[in-house]
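Residue-level structure breakdown
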Amino acid sequence: MSSSLIQLIVLAGIAIFLVLKLRSVLGTREGFEKPPVDKAAQPAARSRANLEVIEGGPDHDIVDHVEENSSSAKALADMKRVDPSFGVGDFLQGARGAYEMIFMAFEKGDLDSIVPFLSEDVFESFTEVVDDRVAKGLSIDAHFVGIRELTLSDASFDTDNKLAEITVKFVAEISSVVKNADGEIVEGDASAIKRQKDVWTFGRDMSSADPNWQLVATGG
C-alpha cells in the first residue's frame, strides 16, 4: 500500500470523527440552548401581562386625557366598569366625526339627518335658529376645513341611573358666508378661514345596549 493511500485513509478517518463529534453536539437541545417556544401560548401570556399592568397602574386610556385621581377620571373609570366596551380614545375619535357631521348639518339647515344624535332640548334649540334663518330668507354656505384642537374638559357619571356625560372642547377651522334670498353674500368671506370654538356635552345611558351618544348641551 502506497504512503499516499495510507495518508488518504487517515485523513478520511479524521473527517468522519469530526463529523460525528459535531453531530453529537448540534443534534441535541442541551446546555444553554433555549427550549422551543409555543407560539400559540404567547398572546395569552402577553394578555396576562398587560392585564397586570392595567390593574396595577393607571389606565392610560383615561389619564392621557384627564388628570389622574380627578373627578373626571373617576367618572370615566365608572363608565368603563358599567360598559367594558367603552374607551375614552374611541369616544373622542367618534366625537371628532360627530362634531363635523352635526355642525355642517346645522349650517345647511338639514336637521332631519342628525335627529338620532341630538337630545330633544338641543334639537328644539337648533330648530329655532334654523327656522329663524329661513324666515329671514338667509342661508349659509360653509366649508369644514378640519378640527385644530379637541380636548376632554369634564366627565360625570350618575351611578344610580347610569347616565354619563362627557364635555369636549372643539376648535375647528371653517370658511362660511351668509347669503340672502337672492344668493348675494351679506356676511363673511368664502376665501377666509376662521376658527370656530365650541364646548359640547355628550350624554348616554351606559346600561343601554345602544352605543350611540347624544349631544345634550352646547356652549362657546
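Throughout what follows, the structure given in this document is the object of discussion. (Residues numbered from 1 in each chain as written. Predicted model: local features only at pLDDT ≥ 70, side-chain atom pairs only at ≥ 80, totals over all residues. Heavy atoms only, no water.)

Counting 42 residues, the largest nonpolar core has L76, M79, F86, F91, I166, F202 and W213 as its most contacted members. Counting only elements with at least two residues in this core, the list comes to α4 (71-82), α5 (88-108), α6 (120-135), β1 (139-158), β2 (163-179) and β4 (194-205). Contacts of F202, omitting those with residues within four sequence positions, involve F91, A95, A98, A164, E165, I166, V168, F170, W213, Q214, L215 and V216. (Core = buried A, V, L, I, M, F, W, Y, C linked by side-chain atoms within 4.5 Å. Buried < 20%, exposed > 50% of the residue type's maximum accessible area, 1.4 Å probe, protein only. Helix = DSSP H or I, 4+ residues; strand = E, 2+ residues; numbered from the N terminus. Contact = heavy atoms within 4.5 Å.)

Taken as a whole, this structure holds 12 aromatic pairs when the rule is applied. Note on F86 and W213: the rings are 5.9 Å apart at their centroids and 40° apart in plane angle, and the pair reads as tilted. Of this pair, F86 sits in the loop between α4 and α5 while W213 is found in the loop between β4 and β5 (214-219), placing the two residues 127 residues apart along the sequence. Across the pair, exposure class does not vary: F86 and W213 are buried alike. On the numbers, 5.9 Å between centres and 80° between planes, the contact of F91 with F202 is edge-to-face. One end of the pair, F91, is in helix α5; the other, F202, is in strand β4, and 111 residues separate them in sequence. Classification of F91 by relative accessible area gives buried; the value is 8%. Members of the aromatic cluster, each reached through a chain of ring pairs, are F86, F91, Y99, F103, F144, F170, W200, F202 and W213. Cation over ring: R133 sits above F106, and NZ or CZ is 5.2 Å from the ring centre. (Phe/Tyr/Trp six-rings, centres within 6.5 Å; stacked < 30°, edge-to-face > 60°. Lys NZ or Arg CZ within 6 Å of the ring centre and 35° of its normal.)

With that out of the way, let us pick up α6. Along its 16 residues, α6 runs 22 Å from first to last C-alpha, staying within 8% of the 22 Å computed at 1.5 Å per residue. Taken together, the buried positions of α6 are occupied by V122, F126, V130 and R133. Looking straight down α6, one finds its buried side chains confined to an arc of 60°; they lie on one side. Opposite the buried face of α6, at more than 90 degrees from it, the exposed residues are E120, D121, E128 and A135. Where α6 is buried, its residues contact α5, β1 and β5. Looking one or two places after α6, you find G137, whose phi comes out positive at around 75°. (Expected span 1.5 Å × (residues − 1). Arc of directions from axis to C-beta.)

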